[in-house]
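Structure assessment
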Amino acid sequence: MLDIDISDLKKISELIYQKYGYDFRNYAMSSFKRRVLRILELKKLTVDGLLKKLTDSPNFVNEFLDELTVNVTEMFRDPSFWRIMREEVIPAIMLNHKQFKIWHAGCSSGEEVISMCIMLKEMGILHDVTVIATDLDVNILEKAKAATYPLKNMELNEKNYIRFQGTGNFKDYYREEGSNAVFNKDLLMNVSFRRHDLVLGDIFNKFDLVLCRNVMIYFNQTLQNDVLKKFHESLFKYGYLAIGSKESLIWCDYANRFIVVNNEEKIYKKIKD
């Protein structure tokens, strides 16, 4: 069975950092290893072959990133999370101001962004909210911008939407084109997609709500801490942070600057600068 040792993984991450400026050196080793093994299998490469291809073929790095950062996602994933967003978090933000800003960090192919926009539309406030959706991978951002997904995924997405207790008809939000579902472009009218590296990127704006769900499980503790510091600095005071259900702020240096809003859904509120 194909395997790879730690020294080879370090060679790969160091090469990508030195040559292309993508920093995977502090990714959780088990998950980095799993994904690299998958790439070796898919591309039918040895470790030396992968290193050579990364060195000699700059275009290959985008294919490599596509596979390395692949996230399986769905719309209205964890419907109870979205109900808390609609019933508690968004109304609390709106107590202070009608217009506000949301950052989807590590937005992948955009299912979470579509979910947010459908929810905001049903709340009647879509036009009041500025959404910035970022990811490291430019190819996946193009997919997110296109808002086009396989029709076969819609059954699960619709089930989630019904469990979320959406107030419309899910099928009204997209049209069928061949084997794809193409979502209505007006849902994304206030969304801007941009490339941003959570590891090396700068703070670029201030937000009332930051969502970064199921991304930090791929980072080691040092990197998680660095990224949470960035999120803290990117939030207005009393802004909200939502992370993945298997993630935690407890051990983080910045934990005492947040309070827990909902422990089950991992939603926090910034209380100290």
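Residues numbered from 1 in each chain as written. Predicted model: local features only at pLDDT ≥ 70, side-chain atom pairs only at ≥ 80, totals over all residues. Heavy atoms only, no water.

Looking at the sheet that holds strand β4 (residues 174-177)
- Taken together, 3 strands build an open sheet; the order of strands is β3-β5-β4 and the sheet is antiparallel. Sheet topology places β3 (148-150) and β4 at the edges, where each strand pairs with a single neighbour. Along the sheet, successive strands turn relative to each other by an average axial angle of 30°, direction set aside. (Pairing = 2+ DSSP bridges. Helix = DSSP H or I, 4+ residues; strand = E, 2+ residues; numbered from the N terminus. Axes fitted to C-alpha atoms, helices over the stretch in contact; angles between N-to-C directions.)

Observations concerning the nonpolar core
- Ranked by internal contacts, the top residues of the largest apolar core, which has 48 residues, are I12, L50 and F231.
- Counting only elements with at least two residues in this core, the list comes to α1 (6-20), α2 (29-43), α3 (47-56), α4 (60-68), β1 (100-105), β7 (207-212), α9 (221-234) and β8 (235-243).
- When residues are assigned to domains, this core turns out to be shared by domain 1 (6-68) and domain 2 (79-270), each giving three or more.
- Among residues more than four places away in sequence, those in contact with L50 are I12, V36, I39, L40, L45, F60 and F64.
- In terms of nonpolar packing, the next biggest core, distinct from the first, is built from 45 residues, V89, I114, L141 and I267 among them. (Core = buried A, V, L, I, M, F, W, Y, C linked by side-chain atoms within 4.5 Å. Buried < 20%, exposed > 50% of the residue type's maximum accessible area, 1.4 Å probe, protein only. Domains from an automatic or database assignment. Contact = heavy atoms within 4.5 Å.)

Side note on the domain arrangement of the protein
- Annotation of the protein at the domain level lists domain 1 (6-68) and domain 2 (79-270).
- Domain 1 and domain 2 are separated by 28 Å when their C-alpha centres are compared.
- Facing 14 residues of domain 1, the contacting portion of domain 2 comprises 14 residues.
- When domain 1 packs against domain 2, close to 1200 Å² is buried across both sides, 53% of that on carbon and sulfur atoms.
- There are 0 salt bridges connecting domain 1 and domain 2.
- Remark: the boundary between domain 1 and domain 2 carries 4 residue pairs in polar contact (both at pLDDT 80 or more).
- Among the secondary structure elements, those contributing two or more residues to the side of domain 1 that touches domain 2 are α2 and α4.
- Taken together, the residues of the side of domain 1 that touches domain 2 sort by class into 6 nonpolar, 4 polar and 4 charged. (Buried area = accessible area lost by both parts, 1.4 Å probe. Salt bridge = Lys/Arg side-chain N within 4 Å of Asp/Glu carboxyl O. Polar contact = N/O pair within 3.5 Å; in protein donor to acceptor, adjacent residues only side chain to side chain. Nonpolar A, V, L, I, M, F, W, Y, C, P; charged D, E, K, R; others polar.)

Focus: α2
- A rise of 1.5 Å per residue sets the reference length of α2, with its 15 residues, at 21 Å; its end C-alpha atoms lie 21 Å apart and thus fit the reference within 8%.
- Restricting attention to buried positions, one finds in α2 the residues S31, F32, R35, V36, L37, I39 and L40.
- Note on α2: the residue one or two positions beyond its end, K44, has a positive phi of about 55°. (Expected span 1.5 Å × (residues − 1).)

A word on the sheet that holds strand β9 (residues 258-262)
- Spatially, β6-β2-β1-β7-β8-β10-β9 is the arrangement adopted by the 7 strands of the open sheet, whose pairing is mixed. Strands at the two margins of the open sheet, each flanked by one partner only, are β6 (191-195) and β9. Sheet twist, expressed as the average angle between the axes of neighbouring strands with direction ignored, equals 20°.
- Taken together, the 5 bridges between strand β2 (residues 129-135) and β6 define a ladder with parallel strand orientation.

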